[in-house]
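# Residue-level structure breakdown
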Amino acid sequence: MARVLLNLPRSAAKGSVIEIRCLIMHPMESGFRPGVNGSILARDIITRFSCDYDGEEIFHAELSPAIAANPFISFTTVATASGTLRFTWEGDDGFRQTETRALTVT
Amino acid sequence: MTDRRTLLAGALLALSLRPAAATPEDEAAAVRAFTGGAPLRAGRVELDIPPLVENGNTVPLKVTVQSPMTAADHVTAIAVFNEKNPQPQVITARFGPRAGRAELATHMRLATSQTILAVAAMSDGSFWSASAEVVVTLAACIES
């Protein structure tokens, strides 16, 4: 399991726009870099990141090797109702990680 | 036995094996794949990236699009392209009216000094863009 840093408020006023910042520890090996023996290291990147809010996908992004190691993504959403946000990272070699956070809307 | 000629040939081979950088044509093809051939209009998109970068391995990047983000008029996608990394794509993000604001921030790699292009797709089918030139002193992607 890769370490994940998620930065979002625990509670928000109904209708307000909240900023969500996500970072996952991942080398994002680009597949263009030679290793110590001179041969090209195989690509190992996160290809897709998505965020579900109460089961509905509100944001997703397709990443490429041009994204830096430990990919950081920041986006916003409208706090509509109390619920859970589910963050999913998918990548090469069957990489898949999911994190959830609860959001209280007042 | 290795003489100078085989060494030279080996060196030339090693040089030609380096990954080819994407060309402006590759970038144009990637942009066409995203827009479906629709014309790009300048404006409404703000691309925030430092003009001078010391380390190309991690370059902060922020794209902001002017849009009311209502169900009738919102940004459906933001894509970022480069011209001289090995591949032209950087990131493609899909939005809906629930995003509230059309904002996307990430960290990217830059193989060399180049121009970065951000394109926003609107719900009415129009495409808007902004570009920024970046000077890189230490490159990413190709060096180990």
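Here, residues in each chain are numbered from 1, in the same order as that chain's written sequence. Going through the entries in the order they are written, you letter the chains from A and number the ligands from 1. Residue-level local features of this predicted model are given only where pLDDT is at least 70; pairs of side-chain atoms are given and counted only at 80 or more, and the full residue set underlies all totals for whole chains, interfaces and linings.

### A look at the overall build of chain B
Only DSSP runs of H or I with at least four residues qualify as helices, and only runs of E with at least two residues qualify as strands; both kinds are numbered from the N terminus onward. The number of helices and strands found in chain B is two helices and nine strands. Throughout, a pair of residues is in contact if the C-beta atoms placed from their backbones lie within 7 Å. Within chain B, residue pairs in contact and separated by at least 24 positions form 69% of the contacts whose partners lie at least 6 positions apart.

### So, the interface of chain B and chain A
With 29 residues of chain B in contact, the opposing surface of chain A contributes 23 residues. Listing elements by their share of the side of chain B that touches chain A, those giving two or more residues are β6 (89–94) and β7 (102–108) of chain B. Put simply, Ala, Val, Leu, Ile, Met, Phe, Trp, Tyr, Cys and Pro go in the nonpolar bin, Asp, Glu, Lys and Arg in the charged bin, and everything else, Gly too, in the polar bin. Its residues placed into classes, the side of chain B that touches chain A shows twelve nonpolar, twelve polar and five charged. By the convention used here, strands pair only if DSSP detects at least 2 bridges between them. Relative to β6(B), strand β5 (residues 56–63) of chain A runs antiparallel, the two sharing four bridges. By the bridge assignment for β6(B), E62(A) is matched with T92(B).

### Let's talk about the environment of E27(B)
Residue and element names in this part refer to chain B. Inspection of the secondary structure puts E27 in helix α2 (residues 24–35). Each C-alpha atom, one on E27 and one on Q87, is 8.2 Å from the other, the two residues being 60 residues apart in sequence. Leave out the neighbours within four places in its chain, and E27 touches A22, F81, E83 and P88.

### Let's talk about the confidence of the model for chain B
All names here are of chain B. Every residue is assigned a pLDDT by the predictor, reflecting its confidence on a scale from 0 to 100. When pLDDT is averaged along chain B, the result is 84; 83% of the residues meet or exceed 70. Confidence drops under a pLDDT of 50 for residues 12–18, and excluding neighbours within four residues, the segment shows one contact in the predicted structure. Scored as a whole, the predicted complex attains pTM 0.85, and scored at its interfaces, ipTM 0.89.

### Some words on the sheet that holds strand β2 (residues 45–48) of chain B
Taken together, the six strands give an open sheet; going across it, the order is β1(A)-β3(A)-β6(A)-β7(B)-β4(B)-β2(B), and neighbouring strands pair in antiparallel fashion. Looking along the sheet, the strands with just one partner apiece sit at the ends: β1 (4–7) of chain A together with β2 of chain B. On average, each strand axis in the sheet is inclined to that of its neighbour by 15°, with strand direction left out of account. Two elements, strand β6 (residues 72–78) of chain A and β7(B), share two bridges in a ladder whose sense is antiparallel. Paired with I73(A) across the strands is T106(B), a residue of β7(B). An axis is simply a line fitted to the C-alpha atoms; with a helix, the fit covers only the stretch in contact. Between two such axes, the angle follows the N-to-C directions and lies from 0 to 180 degrees.

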